[in-house]
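Geometric and topological summary
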Amino acid sequence: MKNLFDVSGKTILVTGASRGIGKVFAEGFRDSGAIVYGTGSKQESIEWMNDSGIQGRVADITKPGSMTPIIDEIRSKHGRLDCLINNAGYATNKPASAFKEDEIYKIIDTNFAGVFRACQAYYKAQKKDGGNIINIASVLGLRGYSLSSVYCGTKGAVIQLTKALAAEWIGAGFKVNAICPGFIDTDMTIMLKEKPQILEQLNSSIPLKRMGKPEELLGTAIFLASDASSYIMGQSIVVDGGLIEIMR
Ligand SMILES: NC(=O)c1ccc[n+]([C@@H]2O[C@H](COP(=O)([O-])OP(=O)(O)OC[C@H]3O[C@@H](n4cnc5c(N)ncnc54)[C@H](OP(=O)(O)O)[C@@H]3O)[C@@H](O)[C@H]2O)c1
């Protein structure tokens with residue numbers, strides 16, 4: 001019987017593959033036999049990809065047009081880009097009253113406008129061939145969290161964007177879904193780990209009593225990238241150690 005979760009030979013582009021969740025995705029898809037391209041915001045970020053079997057490319061997603069040459073290159077070399085994973089993201093931890101104008105727009109540009117533009121560039125390139133988009137949203141797009149106001153807003157927007165694009169592009173053969181991770185142990189959560197009291201409070205509020213590891217999101221990404229999820233459209237799958245489902 002065919003392996004429904006087979007992603008071997010598929011072309012996958014992961015944004016923000018330099019570290020954290022995106023790095024684990026890039027390596028995990030490579031190990032599953034996919035042809036993987038990964039981006040970082042600058043050259044130093046992607047240097048580790050040399051000789052790793054992952055094709056590293058620089059693209060600052062806050063810059064309009066940054067993703068188009070990479071998508072075009074993949075299509076010209078491999079015929080199509082099977083799946084775009086919009087993973088690059090940015091977060092700060094500060095009171096809503098302290099945000100300066102440039103900080104507000106940095107988060108919006110990275111987490112929302114950048115994701116939108118990448119989806120748009122992918123659709124324009126693939127509109128005759130169909131495609132598959134996985135947006136990395138967050139449980140903070142579903143519930144509020146202190147000191148994360150703008151971030152929460154952008155992740156809620158990504159969840160809605162996912163539904164809207166799924167509705168708009170389904171007729172062109174596109175599948176668009178999102179993953180909502182809970183608290184995952186990466187550079188992004190260092191600011192929480194540095195404060196033992198906050199970390200303890202956080203862990204005790206997670207039914208599984210610990211942060212997740214980036215590897216614990218990989219199976220969901222492979223599922224969404226594979227034919228096993230062919231009837232799943234516009235969904236946001238929560239992977240959070242029970243935070244949302246149990247603590248509702
Ligand atoms: N960690 C969590 O608890 C958690 C929970 C829910 C959702 N998420 C989401 O999961 C995704 C990955 O998070 P993470 O924890 O792995 O974060 P991370 O370790 O901080 O890594 C962030 C990644 O995004 C890239 N990036 C940031 N700004 C960029 C830009 N302007 N252009 C291109 N790339 C950019 C970074 O590239 P450089 O190395 O070049 O800077 C890096 O690869 C994010 O969307 C995040 O919001 C994370």
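Residues numbered from 1 in each chain as written. Predicted model: local features only at pLDDT ≥ 70, side-chain atom pairs only at ≥ 80, totals over all residues. Heavy atoms only, no water.

**With respect to unusual backbone geometry**
Put simply, the rule is: Secondary structure is summarised from DSSP: a helix means a run of H or I of at least four residues, a strand means a run of E of at least two, and numbering begins at the N terminus for each.
Phi at Leu147 is positive, roughly 65 degrees, even though this residue is not glycine. For Leu147, the location among the structural elements is in the loop between strand E5 (131–136) and helix H5 (149–169).

**So, the side chain of Asn135**
Operational definition: The classification of residues rests on relative accessible area computed with a 1.4 Å probe and restricted to protein chains. Under 20% of the type maximum is buried, over 50% is exposed, and intermediate values are partly exposed. Residues are treated as being in contact if the distance between any of their heavy atoms lies within 4.5 Å.
One can find Asn135 in strand E5. Judged by relative accessible area, Asn135 falls into the buried class, the value being 0%. With sequence-adjacent residues up to four places away left out, Asn135 is seen in contact with Asn86, Val115, Cys119, Val158, Thr162, Val176, Asn177, Ala178 and Ile179.

**Some points on the site of the ligand**
Stated formally: Residues are labelled near a given molecule or strand when at least one of their non-hydrogen atoms is within 4 Å of it. Polar contacts, as counted here, are pairs of nitrogen or oxygen atoms within 3.5 Å of one another; within protein the pair requires one atom able to donate a hydrogen and one able to accept it, and residues that are adjacent in sequence qualify only if both atoms are side-chain atoms. Working definition of accessibility: Shrake-Rupley area with a 1.4 Å probe, residue cover restricted to the visible protein chains. Nonpolar residues are Ala, Val, Leu, Ile, Met, Phe, Trp, Tyr, Cys and Pro. Charged residues are Asp, Glu, Lys and Arg, and all others, Gly as well, are polar.
Surveying the vicinity of the ligand reveals 31 residues, the closest of which are Ser18, Ser41, Ser45, Tyr151 and Thr186. One nitrogen or oxygen atom from the side chain of Tyr151 is found 2.6 Å from an oxygen atom belonging to the ligand. Residue Lys155 places a side-chain N or O atom 3.0 Å away from an oxygen atom belonging to the ligand. The fraction of the free accessible surface of the ligand (890 Å²) that becomes covered by protein chains is 93%. For the shell around the ligand, the secondary structure elements donating two or more residues are helix H1 (20–31) and H5. Looking at side-chain class alone, the shell around the ligand contains twelve nonpolar, 14 polar and five charged residues.

**Structural notes on the environment of Ile222**
On the secondary structure map, Ile222 appears in helix H8 (residues 215–225). Measuring from C-alpha to C-alpha, the distance between Ile222 and Ala96 comes to 36 Å, with 126 residues separating the pair along the chain. When sequence neighbours within four positions are dropped, the list of residues in contact with Ile222 reads Phe5, Val7, Phe29 and Ser32.

**Some points on the sheet that holds strand E2 (residues 35–40)**
Just so we agree on the cut-off: Paired strands, in this sense, are two strands between which DSSP finds at least two bridges. Axis definition: a line fitted to C-alpha atoms, limited for helices to the stretch in contact. Angles are taken between N-to-C directions and run from 0 to 180 degrees.
Reading across from one edge, E3-E2-E1-E4-E5-E6-E7 is the order of the seven strands in this open sheet, with parallel pairing throughout. The sheet terminates laterally at strand E3 (54–58) and strand E7 (236–239), the two strands that pair on one side only. If you compare each strand with its neighbour and ignore which way they point, the axes differ by 20 degrees on average. Of the pairings in the sheet, the one linking strand E6 (residues 174–181) to E7 comprises four bridges and is parallel in character. Along E7, the bridge assignment pairs Pro181 with Val239. Docked against the sheet, H1 engages strand E1 (11–14), E2, E3, strand E4 (83–86) and E5, running at close to 170 degrees with respect to E1. In the packing of helix H4 (residues 101–126) onto the sheet, contacts are made with E4, E5 and E6, and the angle to E4 comes to roughly 170 degrees.

**Brief notes about the environment of Phe183**
Relative to the helices and strands, Phe183 is located in the loop between E6 and helix H6 (190–193). Using a relative accessible area of 10% as the deciding quantity, one classes Phe183 as buried. Between the C-alpha atoms of Phe183 and Ile104, which are 79 residues apart in sequence, the distance is 22 Å. Residues contacting Phe183, with those up to four places away along its chain left out, are Leu140, Tyr145, Leu192, Leu202, Ile206, Met211, Gly212 and Leu243.

**Overview of the nonpolar core**
As a reminder of what qualifies: In these notes, a set of buried Ala, Val, Leu, Ile, Met, Phe, Trp, Tyr and Cys residues joined through side-chain atoms within 4.5 Å is what counts as a nonpolar core.
Judged by nonpolar contacts, the single largest core of 26 residues is most densely connected at Ile12, Phe25, Phe29, Ile85, Ile134 and Ile179. For this core, the elements supplying multiple residues, two or more each, are E1, H1, E4, E5 and H8. The element best represented in this core is H8, accounting for six residues. Apart from the residues lying within four places of it in its own chain, the contact partners of Phe29 are Val7, Ile12, Ala34, Val36, Ile85, Leu218, Ala221, Ile222 and Ala225.

**Structural notes on the pattern of salt bridges**
Selection criterion: We define a salt bridge as a contact between a side-chain nitrogen of Lys or Arg and a carboxyl oxygen of Asp or Glu at a distance within 4 Å.
Taken as a whole, this structure holds 13 salt bridges when the rule is applied. Across the pair Glu27 and Lys23 runs a salt bridge, and its minimum N-O distance is 3.8 Å. Linking Glu27 with Lys23, this pair stays in helix H1, spanning four residues, or about one helical turn. Taking relative accessible area as the criterion, Lys23 reaches 27% and is therefore assigned partly exposed. For Lys77, the salt bridge identified is with Glu73, shortest N-O distance 2.5 Å. In this pair, Lys77 and Glu73 are both assigned in helix H3 (residues 68–78), four residues apart and thus about one turn of the helix distant. Exposure remark for Glu73: the relative accessible area of 19% places this residue in the buried category. Through salt bridges with shared partners, one network takes in Lys2, Lys10 and Asp227.

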